[in-house]
Amino acid sequence: QSENVLGYFVNVERIPNSCSHPPNHISLKDRKILLNISMAYYRFNISAYNEAGESPRAIYIVPEFPVKDLPGQIHVKSQGTNAVVTWTPEYNPKCFVVDWGTGKEDMQMKIITTATRNFTLDNFQPYKLYKIMVHASDVCQCESFMRHEKTFGVTHFYSVEGVPRTGPPNVTILNITKHSAIVKWTQIAAEDHLGFLQGYRISYTDSSRKKSPPVTLNSSVTSYHLTGLKGKTTYRVQISGFTNAGEGPLTLSQPFSTPKYGTVE
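Numbers given to residues run from 1 along each chain, matching the order in which its sequence is written. Predicted model: local features are reported for residues with pLDDT of at least 70 only, side-chain atom pairs are reported and counted for 80 or more only, and whole-chain, interface and lining totals are derived from all residues. Values reported for side chains reflect all heavy atoms of the structure, with hydrogen atoms and water molecules removed beforehand.

**Considering the overall build of the protein chain**
Stated precisely, the cut-off is as follows: A run of H or I in DSSP counts as a helix once it spans at least four residues, and a run of E counts as a strand once it spans at least two, with each numbered from the N terminus. Restricting the calculation to C-alpha atoms gives the radius of gyration, and the globule rule supplies 2.2 Å times the number of residues raised to the power 0.38. Only protein chains enter the accessibility calculation, which uses a 1.4 Å probe; a residue is then buried when its area is under 20% of its type maximum, exposed when over 50%, and partly exposed in between.
In terms of helices and strands, the protein chain carries 0 helices and 20 strands. At 26 Å, the protein chain has a C-alpha radius of gyration far larger than the 18 Å of a compact globule built from 265 residues. With the C-alpha coordinates aligned to their principal axes, the bounding extent of the protein chain is approximately 80 × 55 × 30 Å. Within the protein chain, the proportion of its 265 residues that are buried is 40%.

Spelled out as C-alpha cells, the structure:
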C-alpha cells in the first residue's frame, strides 16, 4: 500500500522517562530518519498516514549499543541496598542523568542538577545484575535534555554476589581415546550466574575413586581436552561455575570409558 501513503509519524520515547511531557512527535515523508541519541533505551512508534487516516503503529526498541569509546569510567560501591556511584575523569556538566535497573522493563531514572562528585542510588536487590548508565547534559530543562544528553559511562553491578545457581548444561564427552577425551558444555545462562561469572572448574575421578587435580578455566571456554588418562578405565566428570563469592553446584556425574587399545595398537 506504499503508493497510498502520504507520510509517516514517528514517536520517540525514552525508557524510562521521568519527565511529564509526551514523546517527541516527528512527521516526515521519507522512510528513514537520522537521530543522535544517548545509550539509554528508546522506543519508537512508527505509523503511516494518508487521507483516510493513520495506520496501526509498529513498535521498535533500540537494541543495546556495544559499550566502547565512552569518555568516563563508572565506579560503584555497595552500601547495603544502596550503591554509591563515582566516576573518572572528573567532569562537571550542568546536570547528570542516571539510569539504573535490571533491563529495559525495569529501569529507574534520576536527574541530578547539583554539582557533585558522587551520588547514591537505592533499592538494589542481592544476586541481580544491574546496568547503570550515566549521561551528561548541559541543558537541564526536563523537556529538552533528552535531545542533548550524551552517555558518559556504563557499568554493570551486583550489590551482593552469589555463587552460580547451577552448573553448565549439556555436558558431553567426545573423541574418547586410550589416553584422552574432549569435554564440552554450554555456558551457564546469565540469569543463573547470580554474580560475575569468573570461570569453570572441571573435576574428574577414575574407577578407583582417585580424584585428579581440578582444572580451572575462564568463563569464555566451553570445551577442554583431558589428557594423561589411563586405558580401559571408567572416568566420571563434573563441572561447576564460580564467581567471586565461590563455587556453584557440580553438574551430574558424566561417565565415560577409555578403550583398552589405542588406534595404532
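So much for the structure itself; the text now carries on.
**Focus on the UniProt feature "domain: Fibronectin type-III" (unreviewed entry) in the protein chain**
For clarity, the cut-off: UniProt positions are given in the numbering used here, feature names are shortened, and annotations may be inferred rather than shown by experiment.
The feature "domain: Fibronectin type-III" (unreviewed entry), as annotated in UniProt, sits at residues 167-261 in this numbering. Secondary structure across residues 167-261 divides into 0% helix and 41% strand, with the first and last C-alpha atoms of the span separated by 33 Å.

**Examining the sheet that holds strand β9 (residues 106-112)**
The strands making up a sheet associate through backbone hydrogen bonding, with each pair oriented either parallel or antiparallel. As a reminder of what qualifies: When DSSP locates at least two bridges between a pair of strands, those strands are taken to pair. In this description, a line fitted to the C-alpha atoms serves as the axis of each element, helices being fitted only across the stretch in contact, and the angle between N-to-C directions of two axes falls anywhere from 0 to 180 degrees.
Within the open sheet, the 4 strands sit side by side as β9-β8-β11-β12. Their pairing is antiparallel. Edge strands, defined here as strands with exactly one partner in the open sheet, are β9 and β12 (150-157). Averaged over neighbouring strand pairs, the angle between their axes works out to 15° when direction is ignored. Note that strand β8 (residues 95-103) and β9 share 7 bridges and pair antiparallel. Of the residues in β9, the one forming a bridge with G101 is M107.

**Describing the environment of I112**
Here is the rule we go by: Residues count as neighbours in contact if any of their non-hydrogen atoms are within 4.5 Å of one another.
Within the secondary structure, I112 is located in strand β9. The spacing of I112 and A136 is 24 residues in sequence and 9.7 Å in space, taken between C-alpha atoms. Among all residues touching I112, those that are not within four sequence positions of it are K94, C95, F96, V98 and F119.

**A look at the domain arrangement of the protein chain**
Stated formally: For every domain, the bounds stem from an assignment made automatically or drawn from a database. The term buried area denotes the loss of accessible surface (1.4 Å probe radius) that occurs when two parts are joined, taken as the sum for both partners.
Along its sequence, the protein chain is carved into domain 1 (7-62), domain 2 (74-157) and domain 3 (172-258). Computed from C-alpha atoms alone, the centre-to-centre distance between domain 1 and domain 2 is 25 Å. With 14 residues of domain 1 in contact, the opposing surface of domain 2 contributes 19 residues. Taken over both partners, the interface formed by domain 1 and domain 2 buries close to 1,500 Å², and the fraction arising from carbon and sulfur atoms is 63%.

**Examining the packing of aromatic side chains**
As a reminder, the rule being used: Ring geometry is summarised as follows: Phe, Tyr and Trp rings, the Trp one being its six-membered ring, pair when their centres sit within 6.5 Å, and such pairs are stacked at plane angles under 30 degrees, edge-to-face over 60 and tilted between the two. We count a charge as sitting over a ring when the NZ of a lysine or the CZ of an arginine lies within 6 Å of the ring centre and within 35 degrees of the ring normal.
The full count for this structure, using the stated rule, is 11 aromatic pairs. Here the aromatic rings of F9 and Y49 are separated by 4.4 Å at their centres, their planes lie at 20°, and the arrangement is stacked. Taken together, the residues F9 in strand β1 (residues 7-15) and Y49 in strand β3 (residues 41-50) connect sequence positions 40 residues apart. With respect to burial, F9 and Y49 carry one shared label: buried. Ring-pair connections join several aromatic residues into one group, and the members of that group are W87, F96, F119 and F152. Directly above the ring of F242 sits R201, whose terminal nitrogen or CZ lies 4.2 Å from the centroid.

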